[in-house]
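# Descriptive structure summary
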Amino acid sequence: MAKIQLAGSASLKIARHRQRVWQDYLTMTKPKVVAMLLLTALVGMCLAVSGIPPLKAVVFGLVGIGLQSAAAAAFNHVLDRRFDAQMARTHHRPLAKGRIETPKAVAFASVLMVAGFALLWQLNALTAWLTFASLIGYAVIYTVWLKHATPQNIVIGGLAGAAPPLLGWTAVTGQLDPHALLLVMLVFTWTPPHFWALAIHRRDDYAKAGIPMLPVTHGIAFTKTMVLLYTVLLALVGLLPWLTGMSGALYLIGSTVLNLGFVAYAAKLKFADSPGHAWATFKYSIWHLLALFVVLLADHWLQAWW
Ligand code: HEM
Ligand SMILES: CC(C)=CCC/C(C)=C/CC/C(C)=C/COP(=O)(O)OP(=O)(O)O
C-alpha cells in the first residue's frame, strides 16, 4: 500500500514537473504579444485583397510569422537573462531563474526560427526575408544593442514589432504596397506610448538594471510629455488610412474614438496623474490596438460587401 502511494506521488511530481517545463517554454515565446502580432498580420492579409485571402497564405503566413515571432521572443529571453534576473517584473522568467538551460533555449528558438522561415519560403521569398529581418531587428539589434545604447531604443526597435501587418500583406500578394506601410506606421506610432506608459510604472526596475529607458535618462515628466505627443501623432497618423481611401467611415469613426481615448489617457497622465494611471494607460494601449485592428477589418469587409 505504502509502495503504491509512493509511486503515485512520484508520478504526480513528474507530471507537475513536465507541466512546468511546458509552461516555461511557452513563457519564452511571449504568447500574448505574439497573439497580438498575429492579429495585426491577419488584418494585413485581409486588407491586401477585396475578398477572402487564399487559405494557404493565411495558414502558412500566420504559422510562419508566429513561429518567427516566438523564436525572436525566445532569443530575447536568452540574451536578456542577466538583466531579467535584476528586475522585479522579469526575475521569475525561466532563464533568469535557471530553470531552463541556455543551450536548450537556443536550440528551441532555432528550431522555431528555421521552421517559420521554411513555411514562409513556401509562400514567397520576400515575406520569408522580411520576417527574418524583423526577427533580427528585435532579437539582435534591439535586444543586444539599442536597448542598452539609447533611450530611443524602443522607437527604433519598434519597427520590428510594427512589421507584421506588412508581413501579412506580402504573404498574400508577394509585393510591397504603400497601404501596408500605413498599417506599419500605425503600430510604429502606437509603440512609444504603449511602452513608455509601462516604463513610467516600472522606472525603478529599469534604473536598477542599468537600462537607459526614457524615464530613467530623461525623467518621468519628460516621458509623460512624449507619451502625450506620440498619442497626438497617432491620432493624426490614424487619419491616413481614411484620407488615402484605404478605409471608410466606420474606420474613421472607430479609430477616432479609440485614438482620442488614448490621447485622453495620456493627457490625464501628464496633467492629472493619479496612482496606477501609468499602468492603466499601458493596459488601455493593448485594448486600443486590438480594437483598432478589429475596426480596420470590420470596415474593410463592410466596404467589400456594401
Ligand atoms: C519595441 C517595442 C515594444 C516594447 C519595448 C514592448 C514592451 C512591452 C513590455 C515590457 C510588456 C510587458 C508588460 C508586463 O509586465 O505585463 C509588453 C506587453 C505587451 N505588449 Fe508590448 N512592447 C513592444 C511592442 C509591442 C507590439 C508591436 C505589440 C503587438 C502588436 C505588443 C503587444 C503587447 C501585449 C499584447 C502585451 C501584454 C502581454 C501580457 O499581458 O502578457 N507590444 N510590451
Ligand atoms: C518576426 C517578428 C515579427 C519579430 C518581432 C518579435 C516581437 C516579439 C516583437 C514585440 C516587441 C516586444 C515584446 C518587446 C518587448 O521589449 P523587451 O524585450 O524589452 O521587454 P521585456 O523586458 O518584457 O523582455
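Look a little higher up for the structure.
As a starting point, this report considers the structure included with it. (Residues numbered from 1 in each chain as written. Chains lettered and ligands numbered in written order. Predicted model: local features only at pLDDT ≥ 70, side-chain atom pairs only at ≥ 80, totals over all residues.)

Looking only at helices and strands, the chain features 15 helices and zero strands. For the chain, the C-alpha radius of gyration of 21 Å lies close to 19 Å, the compact-globule estimate for 306 residues. Here the C-alpha coordinates of the chain stretch approximately 75 × 50 × 40 Å along the principal axes. Relative to its full complement of 306 residues, the chain shows a buried share of 44%. Taking the contacts inside the chain whose residues are at least 6 apart along the sequence as the reference set, 74% of them involve residues at least 24 apart. (Helix = DSSP H or I, 4+ residues; strand = E, 2+ residues; numbered from the N terminus. Rg over C-alpha atoms; globule rule 2.2 N^0.38 Å. Buried ≥ 20, exposed ≤ 12 C-beta atoms within 10 Å, placed from the backbone. Contact = placed C-beta atoms within 7 Å.)

It is worth spelling out the site of ligand 2 at this point. Taken together, the neighbourhood of ligand 2 is formed by 19 residues, with Gln68, Ala72, Ser134, Tyr138 and Gly161 sitting nearest. Those elements giving two or more residues to the shell around ligand 2 turn out to be helix 2 (31-47), helix 3 (55-79), helix 6 (125-149) and helix 7 (153-162). When grouped by side-chain class, the residues that make up the shell around ligand 2 number nine nonpolar, seven polar and three charged. (Near = placed C-beta within 6 Å. Nonpolar A, V, L, I, M, F, W, Y, C, P; charged D, E, K, R; others polar.)

Across the interface, helix 2 lies against helix 3 with an axial gap of 10 Å and an inter-helix angle of 145°. Our pair here, helix 2 against helix 3, has a crossing hand that is right-handed. Residues Val33, Val34, Leu37, Leu38, Ala41, Leu42 and Met45 of helix 2 touch helix 3, and the partners they reach there are Ala57, Val58, Gly61, Leu62, Ile65, Gly66, Ser69, Ala70 and Ala73. Counted by class, the contact of helix 2 with helix 3 contains 13 nonpolar, three polar and no charged residues. (Axes fitted to C-alpha atoms, helices over the stretch in contact; angles between N-to-C directions. Left-handed = near helix turned anticlockwise from the far one by under 90°.)

Next up on the list: the site of ligand 1. Within the structure, ligand 1 sits among 18 residues, and Lys32, Met36, Ile154, Gly158 and Gly161 are positioned closest to it. When residues of the shell around ligand 1 are traced back to their parent elements, those giving at least two are helix 2, helix 7, helix 9 (178-201) and helix 15 (277-305). Broken down by class, the residue content of the shell around ligand 1 amounts to ten nonpolar, six polar and two charged.

Core analysis: the largest hydrophobic core is formed by 84 residues, its most contacted members being Met45, Ala71 and Ala74. No other element matches the 13 residues that helix 9 contributes to this core. When residues no more than four places from it in sequence are discounted, the contact partners of methionine 45 are Pro53, Ala57, Val58, Gly61, Gly168, Trp169, Ala171 and Val172. (Core = buried A, V, L, I, M, F, W, Y, C linked by C-beta atoms within 7 Å.)

Note that serine 69 resides in helix 3. Residues serine 69 and leucine 38, spaced 31 residues apart in sequence, show a C-alpha to C-alpha distance of 9.0 Å. Setting aside residues no more than four positions away along its own chain, serine 69 makes contact with Val34 and Leu37.

This part covers unusual backbone geometry. You will see that lysine 30, though not glycine, has its phi angle at about 50°, which is positive. Structurally, the position occupied by lysine 30 is in the loop between helix 1 (2-28) and helix 2. Here lysine 30 falls in the partly exposed class, since 18 other C-beta atoms lie within 10 Å of it.

This part takes up helix 5 (residues 102-123). Its 22 residues give helix 5 an end-to-end C-alpha distance of 32 Å, which sits within 8% of 32 Å, the value for a rise of 1.5 Å per residue. Listing the buried residues of helix 5 in full gives Ala105, Phe108, Ala109, Leu112, Met113, Gly116, Leu119, Leu120 and Leu123. Seen from one end, helix 5 has its buried residues packed into an arc of 135°, which puts them on one side. Residues of helix 5 that are exposed and angled more than 90 degrees away from the buried face: Pro103 and Ala107. (Expected span 1.5 Å × (residues − 1). Arc of directions from axis to C-beta.)

It is worth stressing that arrangement in space is one thing and function is another; only the former is reported here.
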